[in-house]
Amino acid sequence: MLFWILVAILTAAAAVVLVLPLMRAAAPLSSPHSHDIEVYRDQLEEVTRDQKSGLISGEDAELARAEIARRLLAASAADAPARESGPKSLRSNRIAQLFVLLCLPAVGLCLYLVTGSPGVPAQPLAARLANPGDDINILIARAENHLAANPGDGQGWDLLAPIYMRSGRVEDAVAAYDQAIRLLGPTPARLGGYAEALIVQSGGLVTADAQEALKKSLALDPNDPRSEFYLALGLKQEGRQQDALAAFRRLAGNSPADAPWLPLVNQHIAELSAGQAPAGNTMPANPTSEDMAAAAQMDAGDRQAMIRGMVDSLSSKLKENPANFEGWMRLIRSYVVLDQRDKARDALQQGLKAFPATGDPGKQLLALGRELGIDADGEEE
């Protein structure tokens, strides 16, 4: 009933807004000849007064009256169409007012009854939160309201984190997994989910934080395929092809024949096997993941200086020996980690000079560039 009362009030308000201008427009407009008619009538009265006072003779008064009457008749004839249009305009305004007051509400009501849902009961937020059904957004809102009042509920964060991931709210998923691990302790599922959220957040790059979480997960469950896969992918992104190939092969050997992740693992194995660097082009020792981990224990200034020193050393070695495919892969990746994308682009171009895009190593360099969002500036063929 409250709904229909609100609809009636809104309809009446809209009708009033539309009718008021029509009511003002219905006022009759003055004719352009109405002033002349008034003047001629005043002149007739003036002639009569002059005749009575003896200012003009009776004959002159009759002639003046005849001339003024002739002009008055002409003005009245010219004013006749304007007098006739007044009632017509008034009638048209009345019709428009009736249409606004009666027809428009009736048409709107009929449309709502046909296309709307007047029988649906009201659904206040509290009732929807109490009975969310299959609405994932209501489920999330309900959980968020609960956690806002109970931030120490680790089970709530543990439940909400994967829902955030499925909903595409990656940053919220990272925070939820972090809270669940802090409150409930690490498990392979929580650590793997946390690492996966970090990887998605970074655009597919296996970051140092993600690698640390994955290693902790493997320490708890050495046969966790998700952790093994992402750690192998991280090795591949760092340019450590041999290590990555061994890790992927180990995962494939330990996986069931019908494992859903096995086709993707075999694809990485094929790519790495096709792009192995020639013998003798061993990878320079700098910078390794262990070095990066050690640098993480330093303060910000020393850590940046150490990382830049290792990357500069690798760059110098590649200038002396450019025929080092894994070195270029690692250098490009390192520049991206340091947020030096211009240098990463230059390294990609230099690597493509040593390994043209027509060959498999060059194609892998281009693939890495696309994965990291680096444009080769026309080097791709």
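Keep in mind that this is a model prediction, so the values were computed, not measured. Here the residue index of a chain counts from 1 through its sequence in written order. Local features are withheld for residues below a pLDDT of 70 in this predicted model, meaning they are given only at 70 or higher, and side-chain atom pairs are given and counted only at 80 or more; totals for whole chains, interfaces and linings count all residues. Excluding hydrogens and water, the side-chain values take into account all heavy atoms of the structure.

Caption draft 1: Main features of the overall build of the protein. Helix numbers and strand numbers start at the N terminus; a helix is a DSSP run of H or I with at least 4 residues, a strand a run of E with at least 2. Along its length, the protein carries 17 helices and 0 strands. Across the 381 residues of the protein, 33% fall into the buried class. Here, two residues are considered to be in contact whenever any of their heavy atoms come within 4.5 Å of each other. Within the protein, contacts between residues at least 6 apart in sequence are counted, and of these 56% link residues at least 24 apart. When the accessible surface of the protein is split by element, carbon and sulfur atoms take 59% of a total near 22400 Å². Classification of residues uses two cut-offs on accessible area relative to the type maximum, computed with a 1.4 Å probe and protein chains only: under 20% is buried, over 50% is exposed, and between them is partly exposed. Only the protein chains shown count as cover for residues, and all accessible areas are computed by the Shrake-Rupley method using a 1.4 Å probe.

Caption draft 2: Representation of the environment of S217 in the model. Within the secondary structure, S217 is located in helix α9 (residues 208–220). The sequence separation of S217 and P188 amounts to 29 residues, and the corresponding C-alpha distance is 4.6 Å. Every residue in contact with S217, bar those within four places of it in the chain, is listed here: P188, L191, D224 and S227.

Caption draft 3: Focus on the nonpolar core. Of all hydrophobic cores here, the largest spans 40 residues; its most connected members are Y194, F229, F248 and V265. Every element with two or more residues in this core is listed here: α5 (136–149), α6 (154–166), α7 (170–184), α8 (188–201), α9, α10 (225–237), α11 (241–254) and α12 (262–274). Those residues in contact with V265, other than ones at most four positions away along the chain, are F229, F248, L251 and A252. Within this scheme, the nonpolar core is defined by two criteria: the residues are buried Ala, Val, Leu, Ile, Met, Phe, Trp, Tyr or Cys, and they are joined through side-chain atoms within 4.5 Å. Membership of the second largest hydrophobic core comes to 23 residues, among which are L205, L318, W328 and L331.

Caption draft 4: Highlighting the packing of α10 against α12. Throughout, an axis means a line fitted to C-alpha atoms (over the contacting stretch in the case of helices), and angles, computed between N-to-C directions, take values from 0 to 180 degrees. Running from N to C, α10 and α12 point in directions that differ by 20°, and their axes come no closer than 12 Å. When the axes of α10 and α12 are compared, the pair comes out roughly parallel. α10 and α12 meet at a crossing whose hand is left-handed. Seen from α10, the contacting residues are F229, L233 and K236; seen from α12, they are L264, V265, H268, E271 and L272. Its residues assigned to classes, the contact of α10 with α12 comprises 5 nonpolar, 1 polar and 2 charged. Working definition: roughly parallel below 35 degrees, roughly antiparallel above 145 degrees, roughly perpendicular at 65 to 115 degrees, and oblique for all remaining angles. When the near helix sits turned anticlockwise from the far one by under a right angle, the crossing is termed left-handed; a clockwise turn instead gives a right-handed crossing. By the convention adopted, Pro, Cys, Tyr, Trp, Phe, Met, Ile, Leu, Val and Ala count as nonpolar, Lys, Arg, Asp and Glu as charged, and the other residues, Gly among them, as polar.

Caption draft 5: View of the confidence of the model for the protein. Each residue carries a pLDDT value, the predictor's own confidence for that position, ranging from 0 to 100. The share of residues in the protein with pLDDT of 70 or more is 75%, and the mean pLDDT across the chain is 76. This stretch, residues 277–289, has a pLDDT under 50; its non-local contacts, to residues over four places away or in other chains, come to 32 contacts.

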